[in-house]
Amino acid sequence: MLILILYFFVVVVVIQLTYYLAFFGKFAFAKAQKITPKRIPISVIVCAKNEEENVAKFIPLLAEQNYPDFEIILIDDASSDTTLEIFEDFEKQYSNVRLVKVKNNEAFWGNKKYALTLGIKAAKKEYLLFTDADCYPTSKEWITAMSSQFTMQKTIVLGYGKYEKIPNSFLNKIIRFETLLTAIQYFSWAKMGHPYMGVGRNLAYKKEEFFKVNGFIDHIQVRSGDDDLFVNQAATAKNVAISYTPESITYSLPKTTYKDWIAQKRRHVATASYYKKFDKFQLGVFYSSQLLFLILSIVLLAFQFQWIIVLSLFVLRYIVAWIIVGFSAGKLQEKDLRFWFPVVELVLIFTQINIFITNNFSKPVHWK
């Protein structure tokens, strides 16, 4: 029996090494990007619902971007606080700010995709750049950096949206590491010609890509997924580029309680169930092999069965994974997370199990 478990363990290790070396290594060892300004007209789109504090702080940072031709489309999704009033003040203050007011619609009540669709249709520029109301760019060259990756063929650009650091917070390290690991995956698969998702905190695409797939209509019933489900549907091997220069990164405000973060992750996991079959398969294999690697290691080492072989494979997998994560973290300005890899990965494995089980018994709550 133990010998069969050992063989199975070897297969799992090979799968994990394949993911980290053959797949994730595509991004980890990629050359540094250069920014070649394109100066194409850009519409920056921000959708907000009850975000009065965040929009007051962050919209001015967007307005101060160093870019020759851009407009900012502010979408107020039927807010009940002062978000709309703040947006109206910005529209008066900045000549390139335009406001889209969304009223509650019985058919699409509380559906962010409906609000975004109105904003996209209102945009005057052909190239669209999206971020969230609780996000802000790391530099005044954000638009320049993201738009520089557009070409005649590359009409979708995937960016990285990182979370702010909170000193002495282990939860913050978990959130940031999970975000880093997700980015490593979607950047790597995009480089291999199989893009499957992006994040609305930092995403750009040509307007024609939106209308090619009839916008969000095929998944309008799914309250989340205005970013990853759209990319999953519209992206191809030829039309996607990635942007990972320091200037292209955005910051977001992280959750500060475990309960809020779990609720957020439940929405993300539920949305992933609508991905294409291959994408669900490859994600399932990766996360399953992570869990099996841990369980089988514990079983074999507990029985001290061929412990030298088991321990060698265990160490090899961790060294390889650590190196890949380390190089990737350096590219995405997350160097401090490298030192927390083994511990945080362990927490994330059990968190994924918890979320999977919970989602099978109840549906997560979506847009505000």
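Numbering of residues begins from 1 in every chain and follows the order in which that chain's sequence is written. Only residues with pLDDT of 70 or above have their local features reported here, since the model is predicted, and side-chain atom pairs are shown and tallied only from 80 upward, although totals for entire chains, interfaces and linings are computed over all residues. By convention in this description, side-chain values take in all heavy atoms of the structure and omit both hydrogens and water.

Glancing now at the overall build of the protein chain. Counting secondary structure elements, the protein chain contains 12 helices and 10 strands. In summary, the protein chain has a C-alpha radius of gyration of 21 Å against a globular reference of 21 Å for 368 residues, a match within 12%. Out of the 368 residues in the protein chain, the part that is buried amounts to 54%. Put simply, 84% of the contacts in the protein chain that link residues at least 6 apart link residues at least 24 apart. Each accessible area is a Shrake-Rupley estimate made with a 1.4 Å probe; only the visible protein chains count as cover when residues are assessed. Split by element, the accessible area of the protein chain, about 16800 Å² in all, is 61% carbon and sulfur. The numbering of helices and of strands both runs from the N terminus, where a helix is a DSSP run of H or I of at least 4 residues and a strand a run of E of at least 2. Radius of gyration: C-alpha atoms only; globule rule: 2.2 Å multiplied by the number of residues to the exponent 0.38. A 1.4 Å probe rolled over the protein chains alone gives each residue an accessible area, and that area as a share of the maximum for its type sets the label: buried under 20%, exposed over 50%, partly exposed in between. Any pair of residues with heavy atoms lying within 4.5 Å of one another is described as a contacting pair.

On to the nonpolar core. Within the largest apolar cluster, 81 residues are counted, with the highest numbers of intra-cluster contacts made by Tyr20, Leu158, Phe187 and Tyr205. No other element matches helix H6 (residues 170-191), which puts 12 residues into this core. Other than its neighbours up to four places away in sequence, Tyr205 contacts Ile120, Glu126, Tyr127, Leu128, Phe130, Phe150, Thr155, Ile156, Phe210, Phe216 and Phe230. In plain words, nonpolar cores are sets of buried Ala, Val, Leu, Ile, Met, Phe, Trp, Tyr and Cys residues tied together by side-chain atoms within 4.5 Å. One finds Ile42, Val55, Ile72 and Val157 within the second-largest nonpolar core, a separate group that totals 28 residues.

With that settled, consider the environment of Phe9. Along the polypeptide, Phe9 turns up in helix H1 (residues 2-28). Discounting residues that sit within four places of it in the chain, Phe9 has contacts with Phe293, Leu296, Ser297, Leu300, Val310, Leu313 and Phe314.

Attention now goes to the sheet that holds strand S7 (residues 161-163). Here a strand pair is declared whenever DSSP counts at least two bridges between the two strands. Read across the open sheet, the three strands follow the order S5-S10-S7; overall the sheet is mixed. Only two strands of the sheet have a single neighbouring strand rather than two, namely strand S5 (135-137) and S7. Between one strand axis and the next, the sheet turns through 35 degrees on average, direction left out of account. The pairing of S5 with strand S10 (residues 250-252) spans three bridges and is classified as antiparallel. Bridged to Tyr136 within S10 is Tyr251. For every element, the axis is a line fit to its C-alpha atoms; helices are fit only across the contacting stretch, and the angle between N-to-C directions ranges from 0 to 180 degrees.

Our focus in this paragraph is helix H12 (residues 341-359). Each α-helix turn comprises 3.6 residues. Residues three or four places apart therefore point the same way. Helix span, as expected, comes to 1.5 Å for every residue beyond the first. For H12, spanning 19 residues, the distance from its first C-alpha to its last is 26 Å, which sits close to the expected 27 Å at 1.5 Å a residue. For H12, every residue scored as buried is listed here: Phe341, Val344, Glu345, Leu348, Ile349, Thr351, Ile355 and Asn359. Along its buried surface, H12 packs onto H1, H6, helix H9 (258-272), helix H10 (277-302) and helix H11 (307-331).

Side-chain rings of Phe, Tyr and Trp, where Trp is taken by its six-membered ring, are said to pair if the distance between their centres is within 6.5 Å; with planes under 30 degrees apart they count as stacked, over 60 as edge-to-face, and otherwise as tilted. Counting across every chain of the model gives 34 aromatic pairs. Measuring from centroid to centroid gives 5.1 Å for Phe27 and Tyr244, while their planes differ by 85 degrees, and the two rings are edge-to-face. Within this pair, whereas Phe27 is found in helix H1, its partner Tyr244 is found in the loop between strand S9 (240-242) and S10, the two being separated by 217 residues in sequence. You can call Tyr244 buried: its relative accessible area is 6%. With a centroid separation of 5.8 Å and 40 degrees between ring planes, the pair formed by Phe177 and Phe341 is classed as tilted.

Salt bridge, as used here: a side-chain nitrogen of Lys or Arg that lies within 4 Å of a carboxyl oxygen of Asp or Glu. Throughout the structure, instances matching the rule amount to 10 salt bridges. Between Asp69 and Lys125 there is a salt bridge; the shortest N-O distance is 2.9 Å. Note that Asp69 is positioned in the loop between helix H2 (52-63) and strand S2 (70-77) and Lys125 in the loop between helix H4 (112-122) and strand S4 (127-132), a separation of 56 residues in sequence. One salt bridge connects Glu209 with Lys212, and the closest N-O pair in it is separated by 3.7 Å. Of this pair, Glu209 and Lys212 are both found in helix H7 (residues 207-212), three residues apart, which corresponds to roughly one turn of the helix. Assessed through its relative accessible area of 4%, Glu209 is described here as buried. For Lys212, a relative accessible area of 56% puts it in the exposed group. One network of salt bridges, with partners in common, ties together Lys165, Arg176, Glu334 and Asp336.

This brings us to the packing of H10 against H11. Angle between the axes and distance between the axes: these two values describe a pair of packed helices. Taken N-terminus to C-terminus, the directions of H10 and H11 make an angle of 150 degrees; their axes are 10 Å apart at the nearest point. Compared by their axis directions, H10 and H11 come out roughly antiparallel. Crossing angle aside, the handedness with which H10 passes H11 is left-handed. Of H11, the residues touching H10 (which contributes Gln290, Phe293, Ser297, Leu300 and Leu301) are Trp307, Val310, Leu311, Leu313, Phe314, Arg317 and Tyr318. For the contact of H10 with H11, the per-class residue count stands at nine nonpolar, two polar and one charged. Roughly parallel covers angles under 35 degrees, roughly antiparallel covers those over 145, roughly perpendicular covers 65 to 115, and oblique covers all other angles. Note on convention: the crossing is left-handed when the near helix lies turned anticlockwise from the far helix by less than a right angle, right-handed when the turn is clockwise. Three categories are distinguished: nonpolar for Ala, Val, Leu, Ile, Met, Phe, Trp, Tyr, Cys and Pro, charged for Asp, Glu, Lys and Arg, and polar for the others, with Gly belonging to the last.

By the element assignment, Asn111 lies in the loop between strand S3 (97-102) and H4. By the criterion applied in these results, polar contacts are pairs of N or O atoms within 3.5 Å in which, for protein atoms, one can donate a hydrogen and the other can accept it, and in which residues neighboring in sequence qualify only through two side-chain atoms. Engagement of the side chain of Asn111 in a polar contact is seen with the backbone nitrogen of Lys113, the distance being 3.0 Å.

All right, on to the environment of Tyr114 then. By secondary structure assignment, the location of Tyr114 is in helix H4. Judged by its relative accessible area of 21%, Tyr114 falls in the partly exposed class. Tyr114 sits 106 residues away from Ile220 along the chain, and the two C-alpha atoms are 8.1 Å apart.

The values reported here are purely geometric and, on their own, carry no functional implication.
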